[in-house]
Amino acid sequence: YDLIAGRSRDLAEAERLLFIIRACVAGRVLALVDEILSGTNSADRISASIDILGHLGGTDSLVVAATHDLEIAAAVTGRYDARHFSEKLDSGDFSFDYELKPGVVDRRNAILILKRLGFGEFVKG
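Everything in this summary refers to the structure shown in the same document. (Residues numbered from 1 in each chain as written. Predicted model: local features only at pLDDT ≥ 70, side-chain atom pairs only at ≥ 80, totals over all residues. Heavy atoms only, no water.)

## Some points on unusual backbone geometry
So, step 1. You will see that E35, though not glycine, has its phi angle at about 50°, which is positive.
So, step 2. Although it is not a glycine, Y98 adopts a positive phi angle of roughly 60°.
So, step 3. Relative to the elements of secondary structure, Y98 occurs in the loop between β5 (93-96) and β6 (101-102). (Helix = DSSP H or I, 4+ residues; strand = E, 2+ residues; numbered from the N terminus.)

## Concerning the packing of helix α1 (residues 9-26) against helix α2 (residues 42-57)
So, step 1. Running from N to C, α1 and α2 point in directions that differ by 25°, and their axes come no closer than 10 Å. In terms of orientation, α1 and α2 fall into the roughly parallel class. Our pair here, α1 against α2, has a crossing hand that is left-handed. For the pair α1 and α2, contact is made by L17, I21, C24 and V25 and by I52, H55 and L56, respectively.
So, step 2. Looking at side-chain class alone, the contact of α1 with α2 contains 6 nonpolar, 1 polar and no charged residues. (Axes fitted to C-alpha atoms, helices over the stretch in contact; angles between N-to-C directions. Parallel < 35°, antiparallel > 145°, perpendicular 65-115°, else oblique. Left-handed = near helix turned anticlockwise from the far one by under 90°. Contact = heavy atoms within 4.5 Å. Nonpolar A, V, L, I, M, F, W, Y, C, P; charged D, E, K, R; others polar.)

## Here's the deal with the pattern of salt bridges
So, step 1. Counted under the stated rule, the structure contains 2 salt bridges.
So, step 2. Close ionic contact of D69 with R45 constitutes a salt bridge, the shortest N to O distance being 2.8 Å. Taken together, the positions of D69 in the loop between β2 (62-66) and α3 (70-75) and R45 in helix α2 put the pair 24 residues apart, joining distant regions of the chain. Each member of the pair, D69 as well as R45, carries the same accessibility label: buried. (Salt bridge = Lys/Arg side-chain N within 4 Å of Asp/Glu carboxyl O. Buried < 20%, exposed > 50% of the residue type's maximum accessible area, 1.4 Å probe, protein only.)

## Some details on the environment of V104
So, step 1. With respect to the secondary-structure elements, V104 resides in the loop between β6 and α4 (110-119).
So, step 2. The class of V104 is partly exposed, set by a relative accessible area of 32%.
So, step 3. Distance from V104 to R83, taken between C-alpha atoms, is 5.9 Å for residues 21 residues apart in sequence.
So, step 4. V104 has contacts with L70, A73, T77, A82 and H84, leaving out every residue within four places of it along the chain.

Have a look at this one:
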């Protein structure tokens with residue numbers, strides 16, 4: 001971001017993403033995209049991300065994209081090999097095995113984690 005120059009997070013991210021897209025189209029590159037278009041609203045992020053990742057998947061580049069948006073992950077299934085990390089929530093404690101597992105994560109855990117951390121009075125879900 002650059003508040004003085006008037007460059008928002010969304011604008012800065014879009015410029016970096018366009019650079020990645022052009023590099024992928026121009027030749028074989030390794031492109032790492034983390035939480036694509038995270039600086040914008042969810043409706044635009046999901047729609048545009050699905051289109052962009054679909055386009056990138058058609059290049060000769062190796063594209064690794066990380067997202068917490070299940071809609072994006074579901075929409076690109078088949079074009080990308082989905083993998084995920086997950087934690088174990090046993091007896092009130094957290095553990096993380098750092099194992100990359102196949103597929104899109106099949107459970108929701110953020111609210112449970114928040115409640116175990118003490119957010120119970122603030123989080124209803």
